[in-house]
Amino acid sequence: MATHGATDGILDDLDIAVLLPCYNEAATIGDVVAGFKAALPGAHIHVYDNNSTDGTALKAALAGATVTRERRQGKGHVVRRMFSDIDADIYIMADGDGTYDPEEAQDLIRTLLSEGADMVVGTRRGVTEDAGRQGHAFGNAIFNKLYRMIFGAGFSDIFSGYRAFSRRFAKSFPAVSGGFEIETEMSVHASRLKMPVSELELSYGRRPEGSHSKLSTFKDGAKILWMFAMLMKETRPFAFFGVISGAFLAASLGFMAPVLAEYLETGLVPKLPTWVFSMALMMISFMIFTAGLILDSVARARAEQLRIHYLSLTSLRQSRHQTAFHRGETVRPRDKRRAA
């Protein structure tokens, strides 16, 4: 592995943006910004305030962050705005609640560079102890298993908010969700385009006094389930519509069986409406199955177009740093005056 000295030289020459979406995090945001400024001295710290009412924006600005206000409520809207507004070589995204350790940001960046990844997810060690919210811990386990069943293996903590991204991930990510389901959409996007990704287990702390979780176990759980269904429909339409088609087919056979048995026994069809209804269900099943086949071809074509766009965003500058990292070389730092 490359030496830390070589790594530090590479980090000095990279444009690193730390992105902190915030909603009512005045109790913690000042310390979080200060932590990232100390851990990544050359990085630009951006706080996006999502209609906070407790002075979050002021605390962030006083700590030295660049503050931008996003009026549309929801983390998904904030992430879409951040990726659109900011141009950098590497993006670090974290929460403003103080549960992620800023000192571990360099580990995320080193992993991104050494493994040539487009996204590194900081999986949360001890997430089940988050403020004693056992409902959240149970939901995390269930939704992660469900994700692996639907979209395949590759991620063990799809809800982690501590991530590092390459420029080509940030600029190719469509970000269609509006809420905190955005992390799930990021994982699906990476899986869909077969991007190189990695995970790194990091510490996860409790919220400090005065900071409260914005999540609702049941309401937000329902939103995640809906997001899973929508993402499955868009990325795996054959499987999505195949399940619906199978349900209609099973219902058709259920209504059809007694009528058919009676016909074979007596030669009569006394329940003609039931027979007609069962045939209608079967026709609907066939139509949905056909729609799934057609939409699957469309989804494959869309995935190919997205991947071509993603590949067109490959950063030659980042490739240069990855090569230097593997060789253990130090890249000459950029001219700070020119960068300013």
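Scroll up a little and you will see the structure.
Residues numbered from 1 in each chain as written. Predicted model: local features only at pLDDT ≥ 70, side-chain atom pairs only at ≥ 80, totals over all residues. Heavy atoms only, no water.

S.K.: Describe the nonpolar core, listing the residues and the values that go with them.
M.R.: Phe83, Tyr91, Phe169 and Met186 are the most contacted members of the largest nonpolar core, which totals 41 residues. Ranked by residue count, the leading element in this core is helix 9 (residues 217-235), at five residues. With 31 residues, the next largest nonpolar core counts Cys22, Ile45, Ala60 and Ile92 among its residues. (Core = buried A, V, L, I, M, F, W, Y, C linked by side-chain atoms within 4.5 Å. Buried < 20%, exposed > 50% of the residue type's maximum accessible area, 1.4 Å probe, protein only. Helix = DSSP H or I, 4+ residues; strand = E, 2+ residues; numbered from the N terminus.)

S.K.: Can you tell me about the packing of aromatic side chains, naming the residues and giving the values?
M.R.: Per the stated rule, a full pass over the model turns up 16 aromatic pairs. For the ring pair Phe83 and Phe173, a centre distance of 6.2 Å and an interplane angle of 75 degrees mean the geometry is edge-to-face. Taken together, the residues Phe83 in helix 4 (residues 75-85) and Phe173 in the loop between helix 7 (167-172) and helix 8 (182-192) connect sequence positions 90 residues apart. Look at Phe83 and you get buried, because its relative accessible area is 3%. For the pair Phe169 and Phe173, a centre-to-centre distance of 5.6 Å together with 25 degrees between the ring planes defines the contact as stacked. According to the relative accessible area criterion, Phe173 is buried, its value standing at 7%. (Phe/Tyr/Trp six-rings, centres within 6.5 Å; stacked < 30°, edge-to-face > 60°.)

S.K.: Describe helix 10 (residues 237-266), with residues and values.
M.R.: The end-to-end C-alpha separation of helix 10 is 43 Å, in line with the 44 Å expected for 30 residues at 1.5 Å each. Considering bend angle alone, the principal kink of helix 10 is centred on Met256 and spans about 35 degrees; proline Pro258 follows within four residues of it. Among the residues making up helix 10, those that are buried are Pro237, Phe240, Phe241, Ser245, Ser252, Met256 and Val259. At the exit of helix 10 stands Gly267, carrying a positive phi of roughly 80 degrees. (Expected span 1.5 Å × (residues − 1). Bend = angle between axes of the 7 residues up to and from the residue.)

S.K.: Before we move on, could you go through unusual backbone geometry and cite the residues and values that matter?
M.R.: With a phi angle near 65 degrees, Asn51 is a residue other than glycine that sits in the positive phi range. Inspection of the secondary structure puts Asn51 in the loop between strand 2 (44-49) and helix 3 (56-62). Here the phi dihedral of Ala175 falls at roughly 50 degrees; this positive angle occurs in a residue that is not glycine. With respect to the helices and strands, the residue Ala175 is situated in the loop between helix 7 and helix 8.

S.K.: Run through the packing of helix 10 against helix 11 (residues 272-312), naming residues and quoting values.
M.R.: Relative orientation of the contacting elements helix 10 and helix 11 amounts to 165 degrees, with a least axis distance of 8 Å. The angle between helix 10 and helix 11 places the two elements in the roughly antiparallel class. As for how helix 10 packs across helix 11, the hand of that crossing is left-handed. When grouped by side-chain class, the residues that make up the contact of helix 10 with helix 11 number 23 nonpolar, six polar and one charged. (Axes fitted to C-alpha atoms, helices over the stretch in contact; angles between N-to-C directions. Parallel < 35°, antiparallel > 145°, perpendicular 65-115°, else oblique. Left-handed = near helix turned anticlockwise from the far one by under 90°. Nonpolar A, V, L, I, M, F, W, Y, C, P; charged D, E, K, R; others polar.)

S.K.: Can you lay out the packing of helix 4 against helix 8 for me, pointing to particular residues and giving the numbers?
M.R.: Contact geometry of helix 4 with helix 8 gives a least axis separation of 9 Å together with a crossing angle of 55 degrees. Here helix 4 lies oblique to helix 8, going by the angle between them. Where helix 4 abuts helix 8, its residues Lys75, Gly76, Val79 and Phe83 lie against Ile182, Glu183 and Met186. (Contact = heavy atoms within 4.5 Å.)

S.K.: Give me the lowdown on the sheet that holds strand 2, citing residues and values where you can.
M.R.: The strands making up a sheet associate through hydrogen bonds between their backbones, and the pairing can be parallel or antiparallel. Strand order across the open sheet formed by seven strands is 3-2-1-4-6-5-7, with mixed pairing between neighbours. The open sheet is flanked by strand 3 (66-69) and strand 7 (197-203), the only strands paired with a single partner. Strand-to-strand twist in this sheet, taken as the mean axis angle between neighbours without regard to direction, amounts to 20 degrees. Sheet analysis places strand 1 (residues 16-22) next to strand 4 (residues 90-93), joined by four bridges and oriented parallel. (Pairing = 2+ DSSP bridges.)

S.K.: Provide a residue-level description of helix 5 (residues 105-114), including the pertinent values.
M.R.: When you tally the buried positions in helix 5, you get eight out of 10 residues, the bulk of the element. Taken together, the buried positions of helix 5 are Ala105, Gln106, Leu108, Ile109, Arg110, Thr111, Leu112 and Leu113. Phi for Gly116, located one or two positions after helix 5, is positive at around 60 degrees.

S.K.: Outline the environment of Arg80, listing residues and values.
M.R.: Relative to the elements of secondary structure, Arg80 occurs in helix 4. Distance from Arg80 to Ser177, taken between C-alpha atoms, is 8.9 Å for residues 97 residues apart in sequence. Ignoring anything within four residues of it in the chain, the contact list for Arg80 reads Pro174, Ala175, Val176 and Ser177. At 2.3 Å, the side chain of Arg80 forms a polar contact with the backbone oxygen of Ala175. (Polar contact = N/O pair within 3.5 Å; in protein donor to acceptor, adjacent residues only side chain to side chain.)

S.K.: Give me the lowdown on the pairing of strand 2, citing residues and values where you can.
M.R.: Among the six residues in strand 2, five count as buried, and that is most of the element. Regarding the hand of the β-α-β motif, the stretch spanning strand 1, helix 2 (residues 29-39) and strand 2 is right-handed. Inspection of the sheet shows strand 2 paired to strand 3 by four bridges, in the parallel sense. Considered in strand 3, the bridge of Asp49 is made with Arg69. (Right-handed = clockwise from strand over helix to strand, strands pointing away.)

S.K.: Outline the side chain of Arg110, listing residues and values.
M.R.: If you trace the backbone, Arg110 turns up in helix 5. One polar contact links Arg110 to Gln106, side chain to side chain, over a distance of 2.6 Å.

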